[in-house]
Amino acid sequence: MGDRAVRIIVLMFLTFVLGTSEFMVMGILPDIAVGIGVQYTMVGSMVTVFALSYAVSTPILSMMFARYNRFKATVLFFVVFMVSDVWTMLSDDYWSMVLSRIVTAAVSGVLFSLVLNITVDISESRSRDMAWMYAAFNISFIIGIPLGTVISNIFGWRSVFLFILILSLVSLLMFFMAIPRDAGEVTADTGRASLTMMRDPRTILGILITVFAFAGSYTVYTYLTPLLEDVVGFPDEYVGIGLMLFGTMCMVSNLLAARLAERGGLRLGRITFLIQAIVLAVLPTALASPVIGFLFLMIVGFMMYLMNSSAQTLLMDVAIRDYPDSIPMASALNPSAFNIGIVFGSMLAGVIYDCQGAEFLGYGGAVFILSAMVCSILVCRISDRRVYSDA
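From a predicted model like this one, the values you see are computed outputs, not experimental measurements.

Peer 1: Sorry if this is basic, but what is going on with the overall build of the chain here?
Peer 2: Along the backbone of the chain there are 16 helices and 0 strands. Expected size for 391 residues packed as a compact globule is a radius of gyration near 21 Å; at 20 Å, the chain falls within 12% of this value. If you line up the chain on its principal axes, its C-alpha atoms span 60 × 45 × 40 Å. Classification of the 391 residues of the chain by burial places 58% in the buried group. Across the chain, every contact between residues at least 6 apart in sequence was considered, and the portion connecting residues at least 24 apart equals 83%. Of the roughly 16,000 Å² of accessible surface on the chain, a fraction of 69% belongs to carbon and sulfur atoms. Distance from the positive charge centre (21 side chains) to the negative charge centre (25 side chains) of the chain: 12 Å.

As structure tokens, then:
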């Protein structure tokens, strides 16, 4: 195994730890609520707070530290990440825990941005290796929720954060041993180049594609458990299996996303998003049959990340070609847009769930996906005009 492959695996493991910190908490929210003596809905709001902190702080911190050595910045933020993990583990009240999760989300976002930046620098195929980073996130989703639940049931919910701390220490040691000290692009950006790139129509549309795409997916995913239990009719003991199968489809989606990015990218978006919108629009009808409904939910998972690598590649290509000083900002935009999409999707899902029921969530998701399709068509037309004008 070559040095490049080892470095990609190390970065994947670091990404896995970041994802585990986010997803493990979702599986132990009821235990945390009991442990600190608050209602479940209050603890559940930490998921939204985490996403908002992630979305807002990631581009800001990435721009602030763009001129710093990528290796040193990663180590610095990872130490802060571990401190925030210990803070969460020791929290005895709701507000202390919320503040600790805000810090965790803020540094998680910039850490993932740094990982992508280093990946681009050492990679032979940006699309493929960035897809592997997102795949590591999906693996943490597949493993994180059930593993967190098991650890919490046996040792208590605080032990989950101790487990995350141990993983963090291991990943930091691996990072020190495998990653070159000069890895990652260091820029002279003072903020002006990043702001200029942010005004580029391709950047705006690239961000909107990710926001709408994941808002559409998370409109369904947010209430996947009640869909499996109450609509499809899964027995409680098999819901975990259903969630793991959905996560597996998401991982396959991520890996296939790299191939799509290399063989057409967002030019395939109009077709991919159209199919995804149709699946979501038909989902309410399909859920009338438990078997067909379950199959359609798996298709939703399969299509969830298909355009993700293409959207990330677009933003990185725009930066590399036209705004080289804003590469750190470009690596931060897609993860930030991802979390904005989660917030919008979960908010719409909550309204639909309360007013109509879980079986109607697909309609809202389809509207978001069609919006992503329109944005992908527009960005391809703008890119074509740019190529023509430069020729």
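Peer 1: So what exactly am I meant to see when it comes to the side chain of S171 here?
Peer 2: Locating S171 in the fold gives a position in helix α7 (residues 158-178). Sequence-distant contacts of S171, defined by excluding residues within four places in its chain, comprise F13, L14, V17 and F78.

Peer 1: What's the story with the packing of helix α4 (residues 70-90) against helix α5 (residues 94-122) in this structure? I'm lost.
Peer 2: Between two packed helices, the angle of one axis relative to the other and the distance separating the axes together describe the packing. In the contact formed by α4 and α5, the axes pass within 9 Å of each other and the chain directions differ by 155°. As far as their axial angle goes, α5 and α4 are roughly antiparallel. The hand of the α4/α5 crossing is left-handed. A class-by-class count of the residues in the contact of α4 with α5 yields 14 nonpolar, 8 polar and 3 charged.

Peer 1: Is there a simple way to think about the nonpolar core in this case?
Peer 2: Ranked by internal contacts, the top residues of the largest apolar core, which has 129 residues, are I32, F78, F81, F175 and L297. The element best represented in this core is α5, accounting for 15 residues. If near-sequence neighbours (up to four positions away) are discounted, F81 is found in contact with V17, L18, S21, T104, V107, S108, L111, I164 and S168.

Peer 1: Just checking my understanding: could you explain the pattern of salt bridges for this structure?
Peer 2: Once the charged atoms of two side chains with opposite charge are near each other, the side chains can pair. Throughout the structure, instances matching the rule amount to 4 salt bridges. The partner of R158 in a salt bridge is D92, and the shortest N-O contact between them spans 2.9 Å. Pair noted here: R158 is in helix α7 and D92 is in the loop between α4 and α5, with a separation of 66 residues, a long-range link. Judged by its relative accessible area of 58%, D92 falls in the exposed class.

Peer 1: Quick question: what am I supposed to make of the packing of aromatic side chains here?
Peer 2: The geometry of two aromatic rings is summed up by the distance between their centres and the angle between their planes. Going through the model one piece at a time under the given rule, you end up with 17 aromatic pairs. Judged by centre distance (4.9 Å) and plane angle (75°), the rings of F65 and F77 are edge-to-face. Taken together, the residues span a long stretch of sequence, with F65 in the loop between α3 (40-64) and α4 and F77 in helix α4 at a distance of 12 residues. As far as burial versus exposure is concerned, F65 and F77 are alike and both buried.

Peer 1: What's the story with the environment of V25 in this structure? I'm lost.
Peer 2: The residue V25 is located in helix α1 (residues 3-27) in this model. Note: C-alpha distance between V25 and L52 (27 residues apart in sequence) is 16 Å. Once you skip the residues sitting within four places of it in the chain, V25 turns out to touch I32, R101 and F161.

Peer 1: Teacher, can you tell me more about α7 here?
Peer 2: For an α-helix, 3.6 residues make a turn, and residues three or four places apart therefore share a direction. Here α7 spans 31 Å end to end across 21 residues, near enough to the 30 Å set by a 1.5 Å rise per residue. Looking only at α7, the buried set comprises S159, V160, F161, I164, L165, L167, S168, S171, L172, F175 and A178.

Peer 1: I keep staring at α5 and nothing clicks. Help me out?
Peer 2: Between its terminal C-alpha atoms α5 stretches 42 Å, which fits the 42 Å expected from 29 residues at 1.5 Å a residue. When you tally the buried positions in α5, you get 24 out of 29 residues, the bulk of the element. At the N-terminal boundary of α5, the capping side chain belongs to D93, with an oxygen 3.2 Å from the backbone nitrogen of W95.

Peer 1: Any chance you could explain empty space enclosed by the protein here in plain terms?
Peer 2: To find leftover empty space, one rolls a probe the size of a water molecule over the atoms. Applying the stated criterion to the full structure yields 4 cavities of 30 Å³ or more. In this structure, the largest cavity spans a volume of roughly 120 Å³. Lining the largest cavity are E22, F23, Y54, F112, Y134, F137, N138, Y305, P335, F338 and N339. Elements supplying a minimum of two residues to the lining of the largest cavity: α1, α6 (126-155) and α15 (327-355).

Peer 1: Hey, could you run me through the environment of L243 in this one?
Peer 2: Mapped onto the fold, L243 is located in helix α11 (residues 236-262). In sequence terms L243 and I142 are 101 residues apart; their C-alpha atoms lie 7.6 Å from each other.

Peer 1: Hey, could you run me through the state of the cysteines in this one?
Peer 2: Two cysteines joined by a covalent bond between their sulfur atoms form a disulfide. As enumerated under the stated definition, the model contains 0 disulfides in all. Left without a disulfide partner, C380 is nearest to the cysteine sulfur of C375, which lies 11 Å away. We classify C380 as buried; its relative accessible area is 6%.

Peer 1: Sorry, what's going on with a nonpolar patch on the surface here?
Peer 2: Nonpolar side chains collect at one region of the surface, where L274, I278, V282 and L370 lie side by side and expose about 300 Å² of accessible area between them. Here the element with the most residues in the nonpolar patch is helix α12 (residues 269-286); it accounts for 3 residues. Along the chain, V282 turns up in helix α12.

Peer 1: Is there a simple way to think about the environment of F23 in this case?
Peer 2: Take F23: it is sitting in helix α1. Taking the C-alpha atoms as reference points, F23 and F141, 118 residues apart in sequence, are found 5.7 Å from one another.

Peer 1: How should I be thinking about the packing of α12 against helix α13 (residues 290-303) in this particular structure?
Peer 2: Contact pair α12 / α13: the axes reach a minimum separation of 10 Å and the direction vectors enclose 155°. The angle between the axes of α12 and α13 places the two elements in the roughly antiparallel class. Crossing handedness for the pair α12 and α13: left-handed. Residues T272, I275, Q276, V279, L280, V282, L283 and A286 of α12 touch α13, and the partners they reach there are I292, G293, F296, L297, I299, V300 and M303.

Rules of the game
- Residues numbered from 1 in each chain as written.
- Predicted model: local features only at pLDDT ≥ 70, side-chain atom pairs only at ≥ 80, totals over all residues.
- Heavy atoms only, no water.
- Helix = DSSP H or I, 4+ residues; strand = E, 2+ residues; numbered from the N terminus.
- Rg over C-alpha atoms; globule rule 2.2 N^0.38 Å.
- Buried < 20%, exposed > 50% of the residue type's maximum accessible area, 1.4 Å probe, protein only.
- Contact = heavy atoms within 4.5 Å.
- Areas by Shrake-Rupley, 256 points an atom, 1.4 Å probe, with all protein chains shown as cover.
- Lys, Arg positive; Asp, Glu negative; His and termini not counted.
- Charge placed at Lys NZ, Arg CZ, Asp CG, Glu CD.
- Axes fitted to C-alpha atoms, helices over the stretch in contact; angles between N-to-C directions.
- Parallel < 35°, antiparallel > 145°, perpendicular 65-115°, else oblique.
- Left-handed = near helix turned anticlockwise from the far one by under 90°.
- Nonpolar A, V, L, I, M, F, W, Y, C, P; charged D, E, K, R; others polar.
- Core = buried A, V, L, I, M, F, W, Y, C linked by side-chain atoms within 4.5 Å.
- Salt bridge = Lys/Arg side-chain N within 4 Å of Asp/Glu carboxyl O.
- Phe/Tyr/Trp six-rings, centres within 6.5 Å; stacked < 30°, edge-to-face > 60°.
- Expected span 1.5 Å × (residues − 1).
- Polar contact = N/O pair within 3.5 Å; in protein donor to acceptor, adjacent residues only side chain to side chain.
- 1 Å grid on protein atoms, 1.4 Å probe; cavity = no way out; pocket = protein on both sides within 12 Å on 5 of 7 lines; lining within 4 Å.
- Points joined across faces, edges and corners; volume = space filled by probe spheres on them.
- Disulfide = S-S within 2.5 Å.
- Patch = residues over 30% accessible without salt bridge, like charges linked within 9 Å, V, L, I, M, F, W, Y side chains within 5 Å.

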